[in-house]
Amino acid sequence: MASFLLIRLLRWSAGLLLILFVTYAMMYYGAGDPIRMMFIQGEDFDSTDEAVMRALRAKYGLDEPFLVQFGNYLNKLFQGDWGRSIRLQVDRPVLEIVKFRLPISMQLGFAATAIAAVVGVALGVFAALYHNRWLDRLIVSTVLFVTSIPIFVIGPMLLLLLVLILKWIDVPYGWNGLFHIDAALPVAVISIGPLPGIVRQTRSAMLEVKGQQYVTTARAKGVPEAQIITRHMLRPVMTPVITTLGLIMIALINGSLFVELIYNIPGFGLLTIEGIRKVDYPIIMAVAVVGTLIIFISNFLVDMIYPILDPRVRVQ
Amino acid sequence: MSRAAGSTKISRVVDDGSVFDGGQRNLWQDAARRFRKNWLAVAGLAVVVLFLLLALIGPHIAPYDFLEQNIMKAFQGASAEHFLGTDDLGRDVFSRMLHGARTAALVAFFTTIISLIIGVLVGTWSGIHGGRTDQFLMWISDLIQAMPGLLLVILINTTLRRPIVNWFDSLYEQTKNPFYLNTLWLDYVLVFSALALIGWPGLARLVRGQVLSINEEDYVLAARALGASEAHIMLRHVIPNALGPLIVAVTAGMGGAVLLEASLSFLGIGIQPPNASWGSMLEEGRRYWQIFPHLMLIPAVTIGLVQVAFVFLGDGLNDALDPRRNS
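Predicted model, so just to flag it, every value in this text is computed and none were measured.

1. Details of the overall build of chain B
In terms of helices and strands, chain B carries twelve helices and zero strands. When the elements of chain B are put in sequence order from the N terminus, they spell out α-α-α-α-α-α-α-α-α-α-α-α. The burial tally for chain B puts 42% of its 327 residues in the buried class. Summarising the internal contacts of chain B: among those between residues at least 6 apart in sequence, 72% fall at separations of at least 24.

Right, here's the structure in full:
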């Protein structure tokens, strides 16, 4: 068990390191000279003194060979020094920006996951209970339909519908806390992303559990149907749903990219887009690091939780 | 030469034997019958075919040049002159949509071809040889699949553009060859390669799985015993057997490529103006959505429609080509 987890941990850590290295290499060779970037203001960056730039480069260690720079970067990364923004919010520590932006996206993400989990599990359970009847078909094809429309299409269309046509809400703008009405639409739109996976997993797991003998036994003993579903069926159903956590996180990250752009929420997704549009390479690196970490931690968590939820895995 | 011909003949007998199932219809007719019963999938197929057709002939039937500006006629609604109205620069929206269809189809086509080639090569190599190379390749593909694809594509697209443009500039300086001066199509190449990079792992895994499972079959053992080469076994046994799942995966991949291209262009890092893309049209239309909602609505509805069509088509193909589901 411990060695299984250790191997997993090593694999994910090696993966994290590889992705950091590739991203750093892409930034190093692709993003252009960061010192020159700092001085780009309009068209007159050529007037900057070459000697000054060289001095600055030496100051930030940018005249070192590539591998030395990467080593330095990793070293500082672990010490909590993520560099400073060079164009977005000039000279502000990147870690500070991330610390401000990430919680906003995480609140949106958790709220959206909660909604997607409740709605998705409920839909999956109903679809399985009415297997191959019209309710099942309706749920499956509606979920397929709604989730196949891209978020950046649904988001603006809902704005159009709710603001211009129905006039139910004002244009949501910015971030006023999770419980402000402005957060309702973004959360709803983000929650669409992880929904199909949850519904599909719940439905197929329910179908498998439905025919089990202990369910028949419970029914024969006269246990109420609702209790059979919640007590006997839902626990084995949750296991495969939880294993899709990695996919859920991917859907959330994708969702926050678009939703935060569409509704002007200063979260992590918008930071990603702004950083990339302005080629602010310390920000892009930070975004890649955090995004990869989120994905790897959630995958590692699944690896850890899975044997607890499903004792059969422990044997292997 | 004669040995190769001989082995082909022998395995054809083996093939005929394995196809023997007592029924009159073959696998593909069966699948087509199942597919036709699913009207959502048929509708999806119709939309996808229409989309590909418009991409092919669209720019020839477009009433205006997609770049032609006329500020005097900006922000017009639908009229006989401008079928879907005009945008903020007075460009004909219908013509731009047609051109956007070509962009989307080009990206879908080339991305799928590139990732298919890489995926099939890596998958068969991994499946046949196994060992450390297999482990390494699968580790890489796991990593790519675990990452949010969009984030990867964005990173690749933003970082590779500058060095390639610089490289082409310096090549032009050295050679004075006008080929290196025109960098319009560079956007396309960048988008193709970035999308193919995240597209191949799924296909590679699929092919590898098929290779591993079909390699266990007795008729493959028989073919091998008769001296058939690995390449022959791949082409005659593994690929035909993997064709069903591959078709489903390729359809999904094409839909995914159309989606990712639109996403990138929506975020402003895909196909750059003045080239037309549905994603960038949606983003441009979003600026005026409260006053001229049609500029946002037209690309939004089109992207949504094509995506839904691809998904239902893929779903229908999956059901039709997987007979086990039907039983």
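There is more to say after this.
2. Focus: the overall build of chain A
When helices and strands are tallied, chain A shows 15 helices and zero strands. Relative to its full complement of 316 residues, chain A shows a buried share of 36%. Look at the contacts in chain A between residues 6 or more apart in sequence, and 74% of them connect residues 24 or more apart.

3. Re the confidence of the model for chain B
Within chain B, residue pLDDT values average 80, and 89% of them lie at 70 or more. Taken as a whole, residues 1-22 of chain B scores under 50 in pLDDT and shows 13 contacts with residues more than four places along the chain or in a different chain.

4. Remarks on the interface of chain A and chain B
Often, the extent of an interface is quoted as the loss of accessible area on bringing the components together. Each partner contributes to the interface: chain A provides 37 residues, whereas chain B provides 35 residues. No other element matches the eight residues that helix 1 (residues 2-30) of chain A contributes to the side of chain A that touches chain B.

5. Here we look at unusual backbone geometry
Backbone phi values are negative for most residues with the exception of glycine, while trans is the configuration of most peptide bonds. The phi angle at asparagine 132 of chain A is positive, at roughly 65°, despite the residue not being glycine. For asparagine 132 of chain A, the location among the structural elements is in the loop between helix 5 (94-129) and helix 6 (134-148).

6. Side note on the nonpolar core
Counting 152 residues, the largest nonpolar core has Ala104, Val153, Leu195 and Val258 of chain B as the members making the most contacts within it. What valine 258 of chain B contacts, discounting residues up to four positions off in sequence, is Ala104, Ala108, Val306 and Phe310 of chain B.

7. As for helix 10 (residues 278-286) of chain B
Within helix 10 of chain B, seven of the nine residues are buried, which leaves the element mostly enclosed by the surrounding structure. Residues Trp278, Gly279, Ser280, Met281, Leu282, Glu283 and Gly285 of chain B constitute the buried set of helix 10 of chain B. At its buried positions, helix 10 of chain B is contacted by helix 7 (151-165) of chain A together with helix 4 (93-129), helix 9 (230-266) and helix 11 (293-321) of chain B.

8. Some words on the environment of valine 153 of chain B
All names here are of chain B. Residue position: valine 153 is located in helix 6 (residues 149-175). With 116 residues separating them along the chain, valine 153 and isoleucine 269 place their C-alpha atoms 9.8 Å apart. Ignoring sequence-local partners within four residues, the contact set of valine 153 consists of Ala194, Leu195, Ile198, Leu260 and Leu264.

About the criteria used
- Residues numbered from 1 in each chain as written.
- Chains lettered and ligands numbered in written order.
- Predicted model: local features only at pLDDT ≥ 70, side-chain atom pairs only at ≥ 80, totals over all residues.
- Helix = DSSP H or I, 4+ residues; strand = E, 2+ residues; numbered from the N terminus.
- Buried ≥ 20, exposed ≤ 12 C-beta atoms within 10 Å, placed from the backbone.
- Contact = placed C-beta atoms within 7 Å.
- pLDDT = per-residue confidence, 0-100.
- Core = buried A, V, L, I, M, F, W, Y, C linked by C-beta atoms within 7 Å.

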